[in-house]
Amino acid sequence: MSIADKLGTIYENEQRYAILNDSLERRLNGEEIVGESYYDAFWDTLQLNGTRRQYGSTFGYAWNDALFKPKYPFHALTDCSNMFYYADISEINITHTGKFLFLASSSSTFSDGFYGSSIQKILVDIDASLSINNYVFNETFRGCSRLKTIQKII
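Residues numbered from 1 in each chain as written. Predicted model: local features only at pLDDT ≥ 70, side-chain atom pairs only at ≥ 80, totals over all residues. Heavy atoms only, no water.

Novice: Looking at this model, I keep getting lost on the overall build of the protein. Mind explaining?
Specialist: Helix and strand counts for the protein come out as 3 helices and 4 strands. In sequence order, the secondary structure elements of the protein are arranged as α-α-β-α-β-β-β. Counting only residues that meet the buried cut, the protein has 38% of its 154 residues in that class. By sequence separation, contacts in the protein at least 24 residues apart represent 78% of the contacts at least 6 residues apart. Accessible surface, the protein as shown: approximately 9,000 Å² in total, 53% of it carbon and sulfur. (Helix = DSSP H or I, 4+ residues; strand = E, 2+ residues; numbered from the N terminus. Buried < 20%, exposed > 50% of the residue type's maximum accessible area, 1.4 Å probe, protein only. Contact = heavy atoms within 4.5 Å. Areas by Shrake-Rupley, 256 points an atom, 1.4 Å probe, with all protein chains shown as cover.)

Have a look at this one:
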């Protein structure tokens, strides 16, 4: 990639984040965005309209089944360590996420992903087959005393 291409990409990303930040600021100030539900506004912002790749420590202590209803699937993931750290979420299913798909990267990790959480059922595929990190699942399920079902780990 040439320097001009890289600068173009940086500019595009800055514009995208400026739009997201403006939208978030308007939402935080209580402005209503026409035709947009609170659910859409929240998840579009949290998941960067489906482009977010890093969810490290995102869904921790205060998250529960009533709150965890993501709009977009978790695809092309990189850093997801402590993603559900001590979360009070009992089930992750296909309607929430599609599946978890990690990128072919040495930084792809799901270490301590569900550490100490209340998770009971993971009814989605967790696909790390492309990851070149040998420790992608380092203690992912440590402290998950209620976990009874994992659909599939690849």
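Still to come is the rest of the account.
Novice: Got a minute to help me understand the environment of Pro70 in this structure?
Specialist: Following the sequence through the fold, Pro70 ends up in the loop between helix H2 (38-46) and strand S1 (91-93). For the pair Pro70 and Leu46, spaced 24 residues apart in sequence, the C-alpha to C-alpha distance is 9.1 Å.

Novice: What's the story with the confidence of the model for the protein in this structure? I'm lost.
Specialist: In regions of low pLDDT, the predicted coordinates are not meant to be interpreted in detail. Per-residue pLDDT for the protein averages 78, and the proportion of residues at 70 or more is 69%. Least confident of the elements in the protein is helix H3 (residues 94-97), whose mean pLDDT is 60; most confident is strand S4 (residues 149-153), at 88. (pLDDT = per-residue confidence, 0-100.)

Novice: How do you make sense of the nonpolar core when you look at a structure like this?
Specialist: The nonpolar side chains of soluble globular proteins are, as a tendency, buried together. Grouped together as the largest cluster of nonpolar side chains are 21 residues, with contacts concentrated most on Phe59, Phe68, Met83, Phe84, Ile92 and Phe114. Looking at this core element by element, the count peaks at 3 residues for strand S3 (residues 121-127). (Core = buried A, V, L, I, M, F, W, Y, C linked by side-chain atoms within 4.5 Å.)

Novice: What is the right way to read the side chain of Thr109 from this model?
Specialist: If you trace the backbone, Thr109 turns up in the loop between strand S2 (100-101) and S3. Within the structure, the side chain of Thr109 is placed 3.1 Å from the backbone nitrogen of Ser111, a separation counted as a polar contact. (Polar contact = N/O pair within 3.5 Å; in protein donor to acceptor, adjacent residues only side chain to side chain.)

Novice: Looking at this structure, how should I read the pairing of S3?
Specialist: Two faces, one strand: in a regular strand the side chains alternate between the faces of the sheet. Counting buried residues along S3, 5 of its 7 residues qualify, which places the element largely inside the surrounding structure. Where S1 and S3 come together, 3 bridges link them in parallel fashion. The residue bridging Asn93 from the neighbouring strand is Leu123, located in S3. Alignment of S3 against S4, held across 4 bridges, turns out to be parallel. Along S4, the bridge assignment pairs Asp125 with Lys152. (Pairing = 2+ DSSP bridges.)

Novice: How do you make sense of the environment of Ile122 when you look at a structure like this?
Specialist: On the secondary structure map, Ile122 appears in strand S3. Exposure remark for Ile122: the relative accessible area of 0% places this residue in the buried category.

Novice: Could you clarify how one ought to interpret the pattern of salt bridges in this entry?
Specialist: For side chains of opposite charge, pairing can occur when their charged atoms come near one another. Within this structure, the stated rule accounts for 4 salt bridges. The shortest N-O distance in the salt bridge between Asp44 and Lys71 comes to 2.8 Å. Here the residue Asp44 occupies a position in helix H2, and Lys71 occupies one in the loop between H2 and S1, the gap between them amounting to 27 residues. The exposure class assigned to Lys71 is partly exposed, which follows from its relative accessible area of 31%. One network of salt bridges, in which partners are shared, links Asp40, Asp44 and Lys71. (Salt bridge = Lys/Arg side-chain N within 4 Å of Asp/Glu carboxyl O.)

Novice: So what exactly am I meant to see when it comes to the side chain of Ser90 here?
Specialist: Along the chain, Ser90 falls in the loop between H2 and S1. At 2.6 Å, the side chain of Ser90 and the side chain of Asp65 are in polar contact. Setting aside anything within four residues of it in sequence, one finds Ser90 in contact with Asp65, Ser118, Ile119, Gln120 and Lys121.

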